[in-house]
Amino acid sequence: GPLLTGRGLTRRYTNPGRAPFAPKTFTTALDDADIDVREGTAVGVIGESGSGKSTLVRLLLGLDSPTAGTVTFDGKDVDAAASARSLHWLRRQTGIVFQDPYASLDPRMSIGRIVGEPLWALGIDGDRRARVREVLEDVGLEADMAERYPHEFSGGQRQRIALARALVHRPRLLVGDEPLSALDVTVRAQILELISDLRARDGLTLLMVSHDIGVVQNLCDEVIVMKDGRIVEEGPTEKVLLQP
Ligand code: ADP
Ligand code: ADP
């Protein structure tokens, strides 16, 4: 079966009433979404801002609980309501990169600590220092950068650092939530190529949220189109994106 599935995923947010005793209203950020991500594929999620892309990703990674629906990874139930043990297991299998590499890197921590943190948090043994240096080289940085601090680096280098951190524990699934959107065009192309190379080398499964169709066309085999919290279209990239 698929590596990752979501079934009937729904997330409603309660909006506070405007006046005392005013009736509450709800925003349905995600409405009854079904998704399958097969191992080794690259799936793109596109749609306008507010269409529910981040909500979908958060639910799939156990970072938020669905109002309704289920998530499985490799056949095991793993939504945020699952046991701490299965969430820990899910974290080991997945890595995530967000849009803003400034926000995700703690300025007080050395690059080595930032990148190595998942190894500590997940209790992964072995030569952690060596693994940190190795993954820095994998993302096109120098191993000696481990001794330095985030403020010394450009946006593109920081996004490589964030990618190293997402990959250090050798996840099977890499998730990107607009990972290229804050980068200028040249750097974006470089990081795109890097992700594509790492995917080919390691057989990574990818789930990429983007509002940039070019990114998805470049990287993804399959596309999911979202609108108003619903999946309105899905299929092979060339079919979904090149329709008249
Ligand atoms: P996208 O990633 O496609 O921009 P989101 O998943 O972030 O969309 O948001 C989908 C909808 O859910 C939007 O209407 C957004 O305002 C709403 N929403 C997202 N997060 C929250 C929240 N924490 N509280 C209330 N509404 C939210
Ligand atoms: P320590 O260096 O005493 O182990 P730190 O808090 O400095 O503790 O770092 C924690 C972990 O972060 C290290 O075990 C390693 O995984 C990673 N790390 C920190 N600095 C470096 C570095 N210079 N090179 C490689 N990995 C590093």
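Computed from a prediction, not measured in an experiment: that's the story for all the values here.

A. Broad picture of the packing of aromatic side chains. All told, the structure shown has 1 aromatic pair when counted by the stated rule. Aromatic side chains Phe73 and Trp89 sit 5.7 Å apart centroid to centroid with 80 degrees between the ring planes, which places their arrangement in the edge-to-face category. Here Phe73, found in strand 4 (residues 68-73), pairs with Trp89, found in helix 2 (residues 84-93); they are 16 residues apart in sequence, far enough to count as distant. Residue Phe73 is classed as buried on the basis of its relative accessible area, which comes to 0%. Sitting above the plane of the Trp120 ring, Arg128 keeps its charged end 4.0 Å from the centroid.

B. Structural context of the site of ligand 1. All residues in the neighbourhood of ligand 1 are listed as Tyr13, Thr27, Ala29, Glu48, Ser49, Gly50, Ser51, Gly52, Lys53, Ser54, Thr55 and Arg58. One nitrogen or oxygen atom from the main chain of Gly50 is found 2.7 Å from an oxygen atom belonging to ligand 1. Contact between ligand 1 and Ser54: an oxygen atom at 2.8 Å from a main-chain N or O atom of the residue. If you list the elements that add at least two residues to the shell around ligand 1, you get strand 2 (25-37) and helix 1 (53-60). A total of 4 residues in the shell around ligand 1 trace back to one element, the largest contributor, which is helix 1.

C. Representation of helix 2 within the structure. Within the span of helix 2, buried status applies to Ser86, Leu90 and Gln93. Projected down its long axis, helix 2 shows its buried positions confined to an angular sector of 60 degrees, all on one face. Turned more than 90 degrees away from the buried face of helix 2, the exposed residues are Ala84 and Arg85. The inward-facing, buried residues of helix 2 contact helix 1, strand 4, strand 5 (76-77), strand 6 (94-97) and strand 7 (173-177).

D. Geometry of helix 6 (residues 185-202). Helix length check: helix 6, at 18 residues, gives a terminal C-alpha distance of 26 Å against a target of 26 Å (1.5 Å per residue), a fit within 8%. If you check which residues of helix 6 are buried, you get Val187, Ile191, Leu192, Leu194, Ile195, Leu198 and Arg199. Along the long axis of helix 6, the arc covered by the buried residues comes to 160 degrees, so they all point the same way. Counted as exposed and oriented over 90 degrees from the buried face of helix 6: Val185, Thr186, Glu193 and Ala200.

E. A look at the packing of helix 3 (residues 111-121) against helix 5 (residues 155-167). Across the interface, helix 3 lies against helix 5 with an axial gap of 6 Å and an inter-helix angle of 35 degrees. The segment helix 3 lies against helix 5, with Ile111, Ile114, Val115, Glu117 and Pro118 engaging Ile161, Ala164 and Arg165. In terms of residue class, the contact of helix 3 with helix 5 is built from 6 nonpolar, no polar and 2 charged.

F. Structural view of the confidence of the model for the protein. Counting all residues, the mean pLDDT for the protein is 93, and 99% of those residues have values of 70 or more. Both confidence scores are given for the complex: pTM 0.90, ipTM 0.75.

G. Quick peek at the sheet that holds strand 5. If you trace the 4 strands from one edge of the open sheet to the other, you get 2-1-4-5, paired in antiparallel fashion. Of all the strands in the sheet, the pair left with one neighbour each is strand 2 and strand 5. Sheet topology places strand 4 next to strand 5; 2 bridges connect them, and they run antiparallel. By the bridge assignment, Thr72 is partnered in strand 5 with Asp77.

Cut-offs applied
- Residues numbered from 1 in each chain as written.
- Chains lettered and ligands numbered in written order.
- Predicted model: local features only at pLDDT ≥ 70, side-chain atom pairs only at ≥ 80, totals over all residues.
- Heavy atoms only, no water.
- Phe/Tyr/Trp six-rings, centres within 6.5 Å; stacked < 30°, edge-to-face > 60°.
- Helix = DSSP H or I, 4+ residues; strand = E, 2+ residues; numbered from the N terminus.
- Buried < 20%, exposed > 50% of the residue type's maximum accessible area, 1.4 Å probe, protein only.
- Lys NZ or Arg CZ within 6 Å of the ring centre and 35° of its normal.
- Near = heavy atom within 4 Å.
- Polar contact = N/O pair within 3.5 Å; in protein donor to acceptor, adjacent residues only side chain to side chain.
- Arc of directions from axis to C-beta.
- Contact = heavy atoms within 4.5 Å.
- Expected span 1.5 Å × (residues − 1).
- Axes fitted to C-alpha atoms, helices over the stretch in contact; angles between N-to-C directions.
- Nonpolar A, V, L, I, M, F, W, Y, C, P; charged D, E, K, R; others polar.
- pLDDT = per-residue confidence, 0-100.
- Pairing = 2+ DSSP bridges.

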